[in-house]
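# Remarks on the overall topology
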Protein chains: 4
Amino acid sequence: MLDDQITRSKVHLRGAKAPTTGRVMTIKVAINGYGTIGKRVADAVACQDDMEIIGVTKTRPAFGCDLAVRKGYPLYCTFDNPEKIAAFAPAGYECHGGLSDLLAVADIVIDCSPGKLGAENKAKYQAAGVKWIFQGGEKHEMTGMSYTSCANHAANLNVEGTRVVSCNTTGLSRTLVPLYEHCGELSVECTMIRRAADPGDSKKGPINAIKPVLKVPSHHGPDVMTVKPEININSLAVAVPTTIMHVHSIVATLPEGHGLTTESVLKMWSNSPRVVIMNGAETGITTTAEVMEFARDMGRTWGDLHEIFVWEDGVKLVGNNLYYFQAIHQESDVIPENIDAIRALMGTESDWQVSVAKTDAAIASLFE
Amino acid sequence: MLDDQITRSKVHLRGAKAPTTGRVMTIKVAINGYGTIGKRVADAVACQDDMEIIGVTKTRPAFGCDLAVRKGYPLYCTFDNPEKIAAFAPAGYECHGGLSDLLAVADIVIDCSPGKLGAENKAKYQAAGVKWIFQGGEKHEMTGMSYTSCANHAANLNVEGTRVVSCNTTGLSRTLVPLYEHCGELSVECTMIRRAADPGDSKKGPINAIKPVLKVPSHHGPDVMTVKPEININSLAVAVPTTIMHVHSIVATLPEGHGLTTESVLKMWSNSPRVVIMNGAETGITTTAEVMEFARDMGRTWGDLHEIFVWEDGVKLVGNNLYYFQAIHQESDVIPENIDAIRALMGTESDWQVSVAKTDAAIASLFE
Amino acid sequence: MLDDQITRSKVHLRGAKAPTTGRVMTIKVAINGYGTIGKRVADAVACQDDMEIIGVTKTRPAFGCDLAVRKGYPLYCTFDNPEKIAAFAPAGYECHGGLSDLLAVADIVIDCSPGKLGAENKAKYQAAGVKWIFQGGEKHEMTGMSYTSCANHAANLNVEGTRVVSCNTTGLSRTLVPLYEHCGELSVECTMIRRAADPGDSKKGPINAIKPVLKVPSHHGPDVMTVKPEININSLAVAVPTTIMHVHSIVATLPEGHGLTTESVLKMWSNSPRVVIMNGAETGITTTAEVMEFARDMGRTWGDLHEIFVWEDGVKLVGNNLYYFQAIHQESDVIPENIDAIRALMGTESDWQVSVAKTDAAIASLFE
Amino acid sequence: MLDDQITRSKVHLRGAKAPTTGRVMTIKVAINGYGTIGKRVADAVACQDDMEIIGVTKTRPAFGCDLAVRKGYPLYCTFDNPEKIAAFAPAGYECHGGLSDLLAVADIVIDCSPGKLGAENKAKYQAAGVKWIFQGGEKHEMTGMSYTSCANHAANLNVEGTRVVSCNTTGLSRTLVPLYEHCGELSVECTMIRRAADPGDSKKGPINAIKPVLKVPSHHGPDVMTVKPEININSLAVAVPTTIMHVHSIVATLPEGHGLTTESVLKMWSNSPRVVIMNGAETGITTTAEVMEFARDMGRTWGDLHEIFVWEDGVKLVGNNLYYFQAIHQESDVIPENIDAIRALMGTESDWQVSVAKTDAAIASLFE
């Protein structure tokens, strides 16, 4: 199959874009920054039948290189500096070149670099003539365009580059966009109770404290407006001593005449992609610990949960105010969004729901 | 002003207690349940010049008895059962009798018992003809009256019994009541990020999770309406793995024409009793860990913080919405409130601000 | 080395199984108690070519049933009570009968029930004429036989039943047995720093405390002597607020003339199955957080780590005292041991190293 | 016993000090670095009748200055730089000069500075002709002398300077020195389970991990040999996600013919200063959370526990091996040691037990 893809991809590269030729071609995806997000996006790309990983970058021959090698992803150096490239071989890793070499063979690059190197990297991507996708750590101002599957796939069709919004913004969009589309307007206050460090990070605290984000309102909620400007939202945020999930505590004020009930809201979300609704009392899933255990049972690599988790018994519509909690797996809810964003930018799938279904089916097939 | 209080208190006391001493008489306070709250209220009572601890109860000759003995508080058994009373002596503690014996010599009892023994205990207190104060663990419906110094001291004057509201409700009242009194109306949404266990409790989890209170809206916020019914408030709550403080994330919607600014709100709170305002960026007090360290520096026993802590740089008025964070020391913010409530019920001080000043000055004098 | 082992295992299988059935026969395995351990053992059994899951039990139609159904494991009720069996159907689960029905079709049962139901269950298994394996939560006195692959596989060949020792005992055996076999004698002191709750458990504390196990010496270390009586070992244990791994802090006193060096010990362990050795300084894996992240990268379901993790730079031989740390994934290090134990009891593989290689290769093949 | 000690101390003071000055002279103590340790030592000095705080230093007009002002301790700048000194006034603090100015009026300086500024500071102290005491963060090699009240008070009499050993070393000395003095020799293995951050520190992790100190054996245990070289000791250390106490898990091997029993060891420690022994099962004090709550009940500022806490039911002598746990309040166990060290260096009290009794009685009198 891989041989097939390579053949097809060669054909593709020779001409402009396979879609016009009337048959399936594979999009060549580069991952710039093979870390927490990069390694997940790479796997999600690799299991799709319309795209492939053409290479991933590491800054130096460090620990994560083993994983890339084991997965069979060609390894490149984040830099074009010959010395840095040469440093991989003595450590036992084959390095296929620098970032420029990788960009030269790619259709699109997913920037998963940790720092705020956005502007600098964007210039490189543009110079190389590849499409580019940044992650939510970068600002909307830098990319000029943002992306969430359910919010603005159409607006991202065929654009040069975009930004897949953060895990929090993605999570808010999953439940708020359907509400907005039903109600026509929406005013939201959200408190984000954030995990203070990722599971693999032993450096950060606090160990026994709550840390409010003293910039109020926080930047988190309003970021939703980069993908759905019509939703009026503010937020407050605190960090707490846990590593596994964020929780959102939300009050969404619906307009008069919204016609919804607690039950109809739950039904709406049940029909929305990438939202899981479960009853805490019935399932015993009453904290993020049990949510993550449920996710581990699902069997995805890293125990990931791409879906937003909503507690059925934690949703209540009181007058026009809808109160609810949702939990966000900060390491992974954006992963499938990157796949959909690739299709949007490459112009290979204009219907977001079709893309979402395709993305999720391919990922699910890995764990059956 | 203080002289005034002493004079007034003399007048009041002249009838009841004058025979004993011919001078300032002290209110005889019983503590039923000498635990986390009881031990703190006892010390706060003992340092006031108009009241004294007449006895404290323990269910059995257990660990906390030593503290009572060391402090010089007469020890009674929570029960009237002769066998249970007799069990103290062999363990080396002098037990002065059962609850009935204690009530017989008390003017007022502060119920700090852990369980929900409210109704049963209330009947005993009424039968003994003493006034009574419950804590926020009991429901308003049982007591029929609730108390917060700044909210409804006057309404509690000379009543038979009341309930000092919970640490959370007390904390909300401290900042919301002044706002309400300025604005005339107030609509509030609050998310409570709660410490999951007290510092001395090693049994409860979670260790690494966030636990939403799935009853939404939660009971916490609306409890404010038991002391200030005019404030319209709802809340959501989560428990997080920390032992030291609750944090409230608050959005208070002010009425049109409120005439306030972020600065004038801060000034209003600076002038409100039992509210501490500090700038996180300037002081380095950016989490509840540093707030509690600040409290430890104050030197009160147990490192208590009776005041509500508001981050100056975490307050912002945006249009009619006031966003702010406050931190609550769950073990102690209600302690001085109990002292004021005693004066309200005994009718010895009708001005809440006078009582608060007297209470706080006596406590402060211990640590100078 | 792995290739070698696989070759040997092929040779072995060709011989060992032909006589019995004329073709490769599969051992029919029942799991009594489909929870944290049960669900993992089931998957490990299912991927072996010489055994299969014939059924798993749940006490009632609760949450975990979905997982069993999704995995395709026939569901049975833990009890034989017809009402309890009948309760599954209305909840949407097909229940194939009670425990007796399951035992009737099984060759061997793996008891993964949570409580200490050992004696009672053993009687049932014996009555049904099936072989049985308990887990480390049960006492050696009840089973009369215990098992660890590297310690006493041969002694367990063809026995009626055994007990796969706890995660801690298993972990100690992995590093101590090779030492013992080299040195001939060994005296060990170990402090176990234990995770206080599993990741999916949000009930247990402590949140901010260290809890010593006040029974000293603790029962943990000496349990090693149930599988290797010649190792002289004592232990102390504390529980700490983490959910992900136990850490052992070990001082092993070697006999005079042991002839070992720090380097030769490391080499010995590198050649021992199910021990992973990595350098903390070089890899950045300096705490159990990074160890578990490394395990998640390996890709096993639940992010499991069947291997014991030893920090290369945390091992030092000083005179006759060998100091080292090792980390234990409490949820999973015993999983492959159960597979080997099945082969021991069924008498289908007498060489522990062959069984280990076969077990691990089958599990690894799932994640390639 | 305490009465005895106090009597002796009175006698001593009457005799010993008269020759020097004709009356009781107070030792003028400077604190260089008014932080976690400095603020505690200052209070402990201030309550003694033979010494006084002559000044404390801060690097800049930051938060802790308020506490010094409130306590009435003259404030100096850590540096002699005129600009840095001048920076205090605009911030509202009276600064009495630089470090040199402070040293000029002091008899002895307690160095509580955070960084490893030892050598540089020592030169300044020597140049100023004052005696000096460093804390356990500095190395023995720099000071050439170390101090623990119960281990080597006599050796520190009238020396120029010393180092009060760390909280861990102090704690080990409290229980090991009495054992050594009884037995004549002692071989000890200790695992230190350390709190990863102090209560007021919200920056450090880990949140959910155990972090072994990969240098093995660790430096902690052998540091005991700087005050009692005859004790043969090694240690291993891990950091865990708690803020409140270290726990030591200890195996002390006694020589043949030690003549001790578990009970006689407990009695020995009961008679040793600054060791508290309590039964976990009887008191419910089963983790460091309850130990710290017990300390808070004692009423010392910051809820400090100067004593080492040993669980009675966590001590067991098995053959020649004594197993036990002890808990260490990392912020405060060294505080009274600094007071005793001052007397040793100033030569005003040659009997360590007299000094200890005097120190502790003065501190206790604050909380009666």
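Residues numbered from 1 in each chain as written. Chains lettered and ligands numbered in written order. Predicted model: local features only at pLDDT ≥ 70, side-chain atom pairs only at ≥ 80, totals over all residues. Heavy atoms only, no water.

## Observations concerning the confidence of the model for chain A
The predicted model of chain A averages 92 in pLDDT, with 93% of residues at 70 or higher. Residue range residues 1-23 of chain A is modelled with pLDDT below 50. Its contacts to residues more than four positions away, or to other chains, number 21 contacts. (pLDDT = per-residue confidence, 0-100. Contact = heavy atoms within 4.5 Å.)

## Regarding the sheet that holds strand S3 (residues 75-77) of chain B
All names here are of chain B. Pairing within the open sheet is parallel, and its six strands lie in the order S3-S2-S1-S4-S5-S6. The open sheet terminates on both sides in strands that have one partner only, identified here as S3 and strand S6 (161-163). Here the average twist between neighbouring strands, direction ignored, is 25 degrees. The pairing of strand S1 (residues 27-32) with strand S2 (residues 51-58) spans five bridges and is parallel. (Pairing = 2+ DSSP bridges. Helix = DSSP H or I, 4+ residues; strand = E, 2+ residues; numbered from the N terminus. Axes fitted to C-alpha atoms, helices over the stretch in contact; angles between N-to-C directions.)

## Examining the packing of aromatic side chains
A complete count under the given rule lists 24 aromatic pairs over all chains for this structure. Taken together, the ring pairs connect Tyr125, Trp132 and Phe134 of chain A into an aromatic cluster. Over the ring of phenylalanine 79 of chain B we find lysine 84 of chain B; its NZ or CZ atom is 4.3 Å from the centre of that ring. (Phe/Tyr/Trp six-rings, centres within 6.5 Å; stacked < 30°, edge-to-face > 60°. Lys NZ or Arg CZ within 6 Å of the ring centre and 35° of its normal.)

## Digging into the relation of the copies chain B and chain A
The two copies are related by a screw motion: chain B maps onto chain A through a turn of 180 degrees and a shift of 0.0 Å along the axis, at an RMSD of 0.1 Å. Here the copies are linked by what is in effect a two-fold axis. For chain B, the residue whose C-alpha comes nearest the rotation axis is proline 241 of chain B, separated from it by 3.0 Å. Comparing interface residues between copies, 100% of those in chain B also sit at the interface in chain A, which points to an isologous, same-surface contact. (Least-squares fit on C-alpha atoms with pLDDT ≥ 70 in both.)

## What about the interface of chain A and chain C?
On the side of chain C, 28 residues touch chain A, which itself brings 28 residues to the contact. With both sides pooled, the region where chain A packs onto chain C buries about 2300 Å², and carbon together with sulfur makes up 44% of that total. Contact with chain C buries area across many residues of chain A, yet Phe63, Arg296 and Asp297 of chain A alone supply 29% of it, more than any other trio. In this structure, the connection of chain A to chain C is made through eight salt bridges. The set of elements that each furnish at least two residues to the side of chain A that touches chain C consists of helix H3 (36-46), helix H4 (65-71) and helix H13 (288-298) of chain A. When residues in the side of chain A that touches chain C are grouped by element, the largest group, seven residues, is from H13 of chain A. Tallied by class, the residues present in the side of chain A that touches chain C amount to nine nonpolar, nine polar and 10 charged. (Buried area = accessible area lost by both parts, 1.4 Å probe. Salt bridge = Lys/Arg side-chain N within 4 Å of Asp/Glu carboxyl O. Nonpolar A, V, L, I, M, F, W, Y, C, P; charged D, E, K, R; others polar.)

## Quick look at the relation of the copies chain A and chain C
Between the two copies, chain A and chain C, the superposition gives an RMSD of 0.0 Å; the rotation angle is 180 degrees and the shift along the axis is 0.0 Å. Interface overlap between copies: 100% of the residues of chain A at the interface are likewise at the interface in chain C, consistent with a symmetric, same-surface contact.

## Quick look at the side chain of arginine 174 of chain D
Residue and element names in this part refer to chain D. Within the element layout of this structure, arginine 174 appears in helix H9 (residues 167-183). A relative accessible area of 3% places arginine 174 in the buried class. A polar contact of 2.8 Å, which involves the side chain of arginine 174, links it to the side chain of glutamate 337. With near-sequence residues (within four places) excluded, arginine 174 lies in contact with Cys150, Pro273, Arg274, Val275, His306, Glu307, Ile308, Asp333, Pro336 and Glu337. (Buried < 20%, exposed > 50% of the residue type's maximum accessible area, 1.4 Å probe, protein only. Polar contact = N/O pair within 3.5 Å; in protein donor to acceptor, adjacent residues only side chain to side chain.)

## Observations regarding the side chain of threonine 243 of chain A
With respect to the element layout, threonine 243 of chain A can be found in the loop between strand S9 (232-240) and strand S10 (246-253). By relative accessible area, threonine 243 of chain A is classed as buried at 4%.

## Comments concerning the interface of chain B and chain A
Listed by partner, the interface residues are 42 residues for chain B and 42 residues for chain A. Between chain B and chain A, roughly 3400 Å² of surface is buried when both sides are summed, and carbon and sulfur atoms account for 68% of that area. Together, Ile210, Leu214 and Tyr323 of chain B form the three largest contributors to the area buried by chain B at its contact with chain A, with a combined 20%. Applying the counting criterion to the chain B and chain A interface returns zero salt bridges. For the pair chain B and chain A, the number of links is 16 residue pairs in polar contact (both at pLDDT 80 or more). Counting only elements with at least two residues in the side of chain B that touches chain A, the list comes to strand S7 (187-195), strand S8 (211-212), strand S9 (232-240), strand S10 (246-253), helix H13 (288-298), strand S12 (308-318) and strand S13 (321-328) of chain B.

## Notes on the pattern of salt bridges
All told, the structure shown has 84 salt bridges over all chains when counted by the stated rule. Between aspartate 304 of chain A and arginine 40 of chain A there is a salt bridge; the shortest N-O distance is 2.8 Å. Placement of aspartate 304 of chain A in the loop between H13 and strand S12 (308-318) and of arginine 40 of chain A in helix H3 is noted, with a sequence separation of 264 residues between them. Per residue, the accessibility class of aspartate 304 of chain A equals that of arginine 40 of chain A, and both read buried. Measuring nitrogen to oxygen at the nearest pair gives 3.7 Å for the salt bridge that ties arginine 40 of chain D to glutamate 331 of chain D. Linking arginine 40 of chain D in helix H2 (residues 36-46) with glutamate 331 of chain D in the loop between strand S13 (321-328) and helix H13 (335-346), this pair joins segments that are 291 residues apart in sequence. Note on arginine 40 of chain D: relative accessible area 2%, which makes it buried. A single network of salt bridges, built from pairs that share partners, joins Lys39, Arg40, Asp304 and Glu331 of chain A together with Glu293, Arg296 and Asp297 of chain C.

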